[in-house]
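Take a look at the letters that make up each chain.
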Amino acid sequence: IRQYTPEGTINAFKTHLPRLEKMGVDILWVMPVQPISVKNRKGPLGSYYSIQDYTAINPNFGTEEDFKALVDEAHERNMLVILDWVANHTGFDHAWTEKAGYHTTDSTGNIIWPAGTDWTDVADLNYDNEAMRQDMIDEMQWWITEMNIDGFRCDVAGEVPNDFWSAAIDSLQKEKDVFMLAEWDEPKMHDAGFHMTYGWGPHHWMNETAKGNY
């Protein structure tokens, strides 16, 4: 939303739906539209993937009513809407950081960012915590029941336990026949119920071939 128009708003993007429909676009993948955390933010605007509140709209983009109107019009034009979902981590000022055991901590009890990354603006979630798992499913369901979206593109899906995805997808499918795309390239994601996964391997092979690195 932020980069699509000079205004960077949901309503400004919505004016492009007629043009996209004429182009034959029938699925809209929307990057995270939630508020972006301020604590440990990278740069003045921050990353979409540092979520401050899973069930809210970034006020810089618009309102819940604006987003719902976007989805409604997309559906009227026979388009589906999937939302980028960040299940591996939250921002450091998400309310869950105040809940015991919801995030991964170091030996001194401090919440840490995902191991092996430079994602210093996000707090790693602890999937050993059953309460957190259920809260995550509830937050995903909110977008189905309240915003009427049609599915999710799940960020770094393979870093989240597969049994969580199995439970989450089963729960979501009871609400609506949703489409699930995993940003990962292992067959196990399909075992969990994802309809599509990424093909990072062929992507990199083709890039190298185009460079002449046979």
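The structure displayed is predicted, hence computed values, not measured ones.

About the cut-offs
Residues numbered from 1 in each chain as written. Predicted model: local features only at pLDDT ≥ 70, side-chain atom pairs only at ≥ 80, totals over all residues. Heavy atoms only, no water. Helix = DSSP H or I, 4+ residues; strand = E, 2+ residues; numbered from the N terminus. Rg over C-alpha atoms; globule rule 2.2 N^0.38 Å. Buried < 20%, exposed > 50% of the residue type's maximum accessible area, 1.4 Å probe, protein only. Contact = heavy atoms within 4.5 Å. Areas by Shrake-Rupley, 256 points an atom, 1.4 Å probe, with all protein chains shown as cover. Lys, Arg positive; Asp, Glu negative; His and termini not counted. Charge placed at Lys NZ, Arg CZ, Asp CG, Glu CD. Core = buried A, V, L, I, M, F, W, Y, C linked by side-chain atoms within 4.5 Å. 1 Å grid on protein atoms, 1.4 Å probe; cavity = no way out; pocket = protein on both sides within 12 Å on 5 of 7 lines; lining within 4 Å. Points joined across faces, edges and corners; volume = space filled by probe spheres on them. Nonpolar A, V, L, I, M, F, W, Y, C, P; charged D, E, K, R; others polar. Salt bridge = Lys/Arg side-chain N within 4 Å of Asp/Glu carboxyl O.

**Considering the overall build of the protein chain**
The secondary structure content of the protein chain amounts to 7 helices and 7 strands. Going from the N terminus to the C terminus, the protein chain shows its helices and strands as α-α-β-α-β-β-β-α-β-α-β-α-β-α. Against the compact-globule benchmark of 17 Å for 214 residues, the protein chain has a radius of gyration of 18 Å, which places it among compact chains. Across its three principal directions, the C-alpha atoms of the protein chain cover 55 × 50 × 40 Å. The 214 residues of the protein chain split such that 47% are buried. Taking as baseline every contact in the protein chain between residues at least 6 positions apart, the subset at least 24 positions apart corresponds to 68%. Total accessible area computed for the protein chain in this model is approximately 10800 Å², and 52% of it derives from carbon and sulfur atoms. Within the protein chain, one finds 16 positive and 35 negative side-chain charges whose respective centroids are separated by 6 Å.

**Examining the nonpolar core**
Formed by 55 residues in total, the largest nonpolar core has its most connected members in F67, W143, F152 and W165. Here this core takes 7 residues from helix α4 (residues 130-145), the largest share from any one element. Contacts of W143, omitting those with residues within four sequence positions, involve V33, Q34, Y54, T55, A56, I57, F67, L83, W85, N148, I149 and F152.

**Here's the deal with the layout of surface pockets**
Computed from the structure, the largest pocket encloses a volume of approximately 220 Å³. Ranked by the residues each element gives to the lining of the largest pocket, the list is headed by strand β1 (residues 27-30), at 3 residues. Classifying every residue of the lining of the largest pocket by side-chain character gives 9 nonpolar, 1 polar and 1 charged.

**A look at the pattern of salt bridges**
Summed over all chains, the structure comprises 11 salt bridges. Notably, a salt bridge pairs D84 with R153, separated by 2.9 Å at the nearest N-O pair. One end of the pair, D84, is in strand β2 (residues 80-85); the other, R153, is in strand β5 (residues 151-154), with 69 residues separating them in the sequence. Judged by its relative accessible area of 0%, D84 falls in the buried class. D150 is paired through a salt bridge with K176; the nearest N and O atoms lie 2.8 Å apart. Note that D150 is positioned in the loop between α4 and β5 and K176 in the loop between α5 (162-175) and β6 (179-182), a separation of 26 residues in sequence. Judged by relative accessible area, which is 8%, D150 ranks as buried. One continuous salt-bridge network, built from bridges that share partners, spans K14, E21, E73 and R77.

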